[in-house]
Amino acid sequence: MNAPTRETVTTAFSWPAPDTSHVPYRVYTDPTLYALEQERIFRGPTWNFVALAAELPEPGDFKTTFVGDTPVVVTRGADGALHCWVNRCAHRGALVCRELRGNVGANGTHTCVYHQWAYDAAGMLVGVPFRKGLGGKGGYPADFDRARHGLTQLRVEDYHGVVFASFDPALPPVEQHIGDTAAHYVQRIFNRPLRVLGTTRQYMNANWKVYAENLRDPYHASLLHLFHCTFGLYRSTQEGGVELDPTLRHSVLTAKNKAPEPGRDTYSDDKLRTYDQTYALADPSLLAGRPEFSDGKSAVIQTIFPSLVIQQIANTLAVRQVLPKGVGNFELVWTYFGYADDDAQLSAMRLKQFNLIGPAGLVSMEDGEATELVQRTAEAAEAGASEFVEMEGRGIEPTGSLISEGNIRAFWQVYRQMLGL
């Protein structure tokens, strides 16, 4: 019997409803769908976050990362230009660059340890040992051309200090691709030179799309995160909402914690376990902050499809990169930053508030557990079982409510379109 092809799997795949208000658990467990995602989403018509320009300030700087599960390297050349190439030697396929980051010098090379093929910052092959053989023996044929054996190069664009890469040569520029709404919020955060403050990495035993749902779910934050709700960083009663670009790929969740909260008594009346006024901070300075943005928004979670999150929670600023690691695992890389002109007091605030966000953050640690709980049951789900995603109806139109699953339905609509499901 022939093994099923990607085409036969997607043809046979049955979504349980004409809309995306029900999501089959199979999307989290099917290895064929996972492979198709890598091909049609990550290596398809998308701009993928690979770095902050501030991570590569000098010629010769490099950073290893991934586009989907494809290993890539981002470099800055001697002329200051940014490059991105697949981290796979053109000779025998070994990783060329094995360090997370570093500097090889302005005119330095990246050399594969296996047979020492060497590449410049743009991924062009510049050195091949024993190319002409030794003592008249061996060597490559006379028609060997180094120019034909460079590394696979991706398109690169530095958009206001956020570096994107794409395999698609025909994709429109980043600003056009993400649309006016997403571009506004990128420019809101990346409004002046940055100072990178640190990086953390978190490995989760769940499919990357479980976390993609989590990011687009505004009302879980006040039900799952005790710290968020109790100390007022984010509640569903706060002023805020969801904004989507016309393609539905990119979204923004916003809230204001200094605005009036009509309906806040509901938290007490419904006896929500995440609203517990008996808790107090031994060190209240953890939440001492400073207004930074003229719009007064205290929480902004922006998603750029498929794998970037841009975060402002109080004075914490960070990008999160979602990296699939097989059908049942993903890695979350947090890069924290401030601005180059931050004074000492604001820098200290940011560093202290980073205890709120990250793998062990007082706010965000529950997300890792929640994604793994979903994955565990998805892997044991019976055929045809599905999620129920009908909070605020079955449509996808944003209404300004923080109690909605419309943004999740929008994500799945884009997913279905890109995979042809």
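Residues numbered from 1 in each chain as written. Predicted model: local features only at pLDDT ≥ 70, side-chain atom pairs only at ≥ 80, totals over all residues. Heavy atoms only, no water.

Asker: Would you mind showing me how to read the overall build of the chain here?
Answerer: The helix and strand inventory of the chain stands at ten helices and 19 strands. Within the chain, buried positions represent 52% of all 421 residues. Restricting to contacts in the chain with at least 6 residues of sequence separation, those with at least 24 account for 66%. Of the accessible surface of the chain, which amounts to about 18,500 Å², a share of 53% is contributed by carbon and sulfur atoms. (Helix = DSSP H or I, 4+ residues; strand = E, 2+ residues; numbered from the N terminus. Buried < 20%, exposed > 50% of the residue type's maximum accessible area, 1.4 Å probe, protein only. Contact = heavy atoms within 4.5 Å. Areas by Shrake-Rupley, 256 points an atom, 1.4 Å probe, with all protein chains shown as cover.)

Asker: I'm lost on the sheet that holds strand S2 (residues 48-52) in this one. Help?
Answerer: Sheet strands pair by backbone hydrogen bonding; their relative direction is either parallel or antiparallel. One open sheet holds the three strands; their spatial order is S2-S11-S10, and the pairing between them is antiparallel. Two strands bound the open sheet, and with one partner strand each, they are S2 and strand S10 (155-159). Strand-to-strand, the axes of this sheet are offset by a mean angle of 30°, without reference to chain direction. Looking at chain direction, S2 and strand S11 (residues 162-166) are connected through four bridges and run antiparallel. Along S11, the bridge assignment pairs Phe49 with Phe164. Relative to the sheet, helix H3 (residues 174-189) contacts S10 and S11, its axis offset from that of S10 by approximately 25°. (Pairing = 2+ DSSP bridges. Axes fitted to C-alpha atoms, helices over the stretch in contact; angles between N-to-C directions.)

Asker: Help me understand the sheet that holds strand S6 (residues 101-103) in this model?
Answerer: If you walk across this open sheet you meet the four strands as S5-S4-S3-S6, and the pairing is antiparallel. Both edges of this open sheet fall to strand S5 (82-86) and S6, since each of them pairs with a single strand only. The mean inter-strand angle of the sheet, taken between neighbouring strand axes irrespective of direction, is 25°. Note that strand S3 (residues 61-67) and strand S4 (residues 70-76) share six bridges and pair antiparallel. Bridged to Thr64 within S4 is Val73.

Asker: I tried to follow helix H9 (residues 365-378) on my own but got confused; where do I start?
Answerer: A turn of α-helix holds 3.6 residues, and therefore any two residues three or four places apart point the same way. Its 14 residues place the ends of H9 21 Å apart at the C-alpha level, agreeing with the 20 Å of an ideal helix rising 1.5 Å per residue. Buried within H9 are the following residues: Glu366, Asp367, Gly368, Thr371, Gln375 and Ala378. (Expected span 1.5 Å × (residues − 1).)

Asker: Help me understand the packing of aromatic side chains, please; the structure alone is not making it clear to me.
Answerer: A ring pair, where both rings are aromatic, is described by two values, the distance of the centres and the angle of the planes. Considering all chains together, one arrives at 15 aromatic pairs under this definition. When the centroid spacing of 6.4 Å and the interplanar angle of 10° are considered together, the rings of Trp334 and Tyr336 count as stacked. No difference in accessibility class separates Trp334 from Tyr336, as the two residues are buried. (Phe/Tyr/Trp six-rings, centres within 6.5 Å; stacked < 30°, edge-to-face > 60°.)

Asker: When you look at the nonpolar core in this model, what are you seeing that I'm missing?
Answerer: Looking at soluble globular proteins, one finds that nonpolar side chains tend to be buried together. Residues Val27, Phe330, Trp412, Tyr415 and Leu419 are the most contacted members of the largest nonpolar core, which totals 60 residues. Per-element tally for this core: the top contributor is helix H10 (residues 406-419), with eight residues. Setting aside its immediate chain neighbours within four residues, Val27 contacts Phe13, Trp15, Leu33, Glu37, Asn207, Lys209, Trp412 and Tyr415. One finds Leu52, Leu194, Ile304 and Leu308 within the second-largest nonpolar core, a separate group that totals 23 residues. (Core = buried A, V, L, I, M, F, W, Y, C linked by side-chain atoms within 4.5 Å.)

Asker: Please clarify how the pairing of strand S17 (residues 316-324) should be interpreted in this entry.
Answerer: Consecutive side chains of a regular strand alternate in pointing toward one face of the sheet and then the other. The element S17 is extensively covered by neighbouring structure, given that nine of its nine residues are classed as buried. The alternating pattern of S17 places Thr316, Ala318, Arg320, Val322 and Pro324 on one face and Leu317, Val319, Gln321 and Leu323 on the opposite face, and all of these are buried. Sheet analysis places strand S16 (residues 308-313) next to S17, joined by six bridges and oriented antiparallel. Opposite Gln311, over in S17, you have Ala318 as the bridge partner. In textbook terms, the turn of a hairpin is the stretch between consecutive antiparallel strands, and for S16 and S17 this stretch comprises two residues, one of which, Ala314, has a positive phi near 55°. Across eight bridges, S17 lies against strand S18 (residues 330-339) in antiparallel orientation.

Asker: Is there a simple way to think about the pattern of salt bridges in this case?
Answerer: Side chains carrying opposite charge are able to pair once their charged atoms draw close together. Applying the stated rule across the entire model yields 14 salt bridges. A salt bridge links Arg201 to Glu331; its shortest N-O distance comes to 3.1 Å. Placement of Arg201 in strand S12 (residues 194-204) and of Glu331 in strand S18 is noted, with a sequence separation of 130 residues between them. A relative accessible area of 37% means that Arg201 is categorised as partly exposed. Residue classification places Glu331 among the buried positions, given a relative accessible area of 13%. (Salt bridge = Lys/Arg side-chain N within 4 Å of Asp/Glu carboxyl O.)

Asker: Looking at this structure, I do not really get the side chain of Thr75. What am I missing?
Answerer: Inspection of the secondary structure puts Thr75 in strand S4. A polar side-chain atom of Thr75 sits 2.6 Å from the main-chain carbonyl oxygen of Ala121. Excluding residues that lie within four positions of it along the chain, Thr75 makes contacts with Asp61, Phe62, Ala81, Leu82, His83, Trp85, His110 and Ala121. (Polar contact = N/O pair within 3.5 Å; in protein donor to acceptor, adjacent residues only side chain to side chain.)

Asker: What is the right way to read the environment of Pro324 from this model?
Answerer: Mapped onto the elements, Pro324 comes out in strand S17. Its relative accessible area of 0% is what places Pro324 among the buried residues. The sequence separation of Pro324 and Lys209 amounts to 115 residues, and the corresponding C-alpha distance is 8.8 Å. Pro324 has contacts with Tyr34, Gln38, Phe42, Gly68, Asp69, Trp208, Asn329 and Phe330, leaving out every residue within four places of it along the chain.

None of the figures reported here should be taken as evidence of function without further support.
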